[in-house]
Amino acid sequence: MAGETVITIVGNLTADPELRTTRNGGTVANFSIASTPRTWNRNTNQFEDGQALFLRCSAWRDLASHCAQSLSKGMRVIAQGRLTQHSWEDEQHQKRTAVELQVDEIGPSLKYATAQVQKMQSGGYQGNANGGYQQPQQAQQQSQAPADDPWGAPAGEPDF
């Protein structure tokens, strides 16, 4: 959307994602990412850590469930999303502000690790070959990727 601040952050999860359901039935996963800059000091011939940035994050719907199933404390991740700001007044009548990342995309970093990818069936609407949308049951009947191909395109869709 126009005017939104989209950022990408690389860092480590400070705890396991916390999955919860809202009063309206929505699913959300909350977690924090710690990103610490590291620079090489030529005088000491060592890396030095800078001040860590701790960023609260939230992921919604299917992405929330996928985060809770796939990510855990200490895991290095790459997350992209939109920064949002929340303001409120605390019990002492002080104005408070918090910045949070509404995660659109997230995955493990493969810099120091490997990962096994498993394609999940979506609980929402899925695209069809004509670019339109159909109910999930219809989409599952029409488009089944081979079980051993996590990147396989559903039948009738181009495989780029």
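The model shown is predicted, which means the values in this text are computed figures rather than measured ones.

Rules used throughout
- Residues numbered from 1 in each chain as written.
- Predicted model: local features only at pLDDT ≥ 70, side-chain atom pairs only at ≥ 80, totals over all residues.
- Heavy atoms only, no water.
- Helix = DSSP H or I, 4+ residues; strand = E, 2+ residues; numbered from the N terminus.
- Buried < 20%, exposed > 50% of the residue type's maximum accessible area, 1.4 Å probe, protein only.
- Contact = heavy atoms within 4.5 Å.
- Areas by Shrake-Rupley, 256 points an atom, 1.4 Å probe, with all protein chains shown as cover.
- 1 Å grid on protein atoms, 1.4 Å probe; cavity = no way out; pocket = protein on both sides within 12 Å on 5 of 7 lines; lining within 4 Å.
- Points joined across faces, edges and corners; volume = space filled by probe spheres on them.
- Nonpolar A, V, L, I, M, F, W, Y, C, P; charged D, E, K, R; others polar.
- Pairing = 2+ DSSP bridges.

> Residue-level account of the overall build of the protein chain, with values.
The number of helices and strands found in the protein chain is 2 helices and 10 strands. Along its sequence from the N terminus, the protein chain presents helices and strands in the succession β-β-β-β-β-β-α-β-β-β-β-α. Counting the 160 residues in the protein chain, one finds 24% classified as buried. Nonlocal contacts in the protein chain, meaning residues at least 24 apart in sequence, comprise 55% of its contacts between residues at least 6 apart. Within the structure as shown, the protein chain displays about 11,900 Å² of accessible surface, and the carbon and sulfur contribution to it stands at 47%.

> For the layout of surface pockets, give the residues involved together with the corresponding values.
Taken as a whole, the second largest pocket encloses approximately 220 Å³ of empty space. The wall of the second largest pocket is formed by Val 10, Gly 11, Asn 12, Ala 34, Ser 35, Thr 36, Arg 38, Asp 49, Arg 76, Lys 111 and Tyr 112. For the lining of the second largest pocket, the secondary structure elements donating two or more residues are strand S1 (6-13) and strand S3 (27-35). It is S1 that provides the largest number of residues to the lining of the second largest pocket, a total of 3 residues. Partitioned by chemical class, the residues of the lining of the second largest pocket number 3 nonpolar, 4 polar and 4 charged.

> Outline the pairing of S3, listing residues and values.
Here S3 lies mainly inside the structure; 8 of its 9 residues are buried. In this structure, S1 lies alongside S3, joined through 2 bridges in antiparallel fashion. Bridged to Leu 13 within S3 is Ile 33. Looking at chain direction, strand S2 (residues 18-21) and S3 are connected through 4 bridges and run antiparallel. Note on S3: the bridge partner recorded for Glu 18 is Asn 30. Joining the antiparallel neighbours S2 and S3 is a turn of 5 residues, in which Gly 25 adopts a positive phi near 95°. As paired elements, S3 and strand S6 (residues 53-60) share 8 bridges and run antiparallel to each other. Following the sheet pairing, Ile 33 is matched in S6 by Leu 55.

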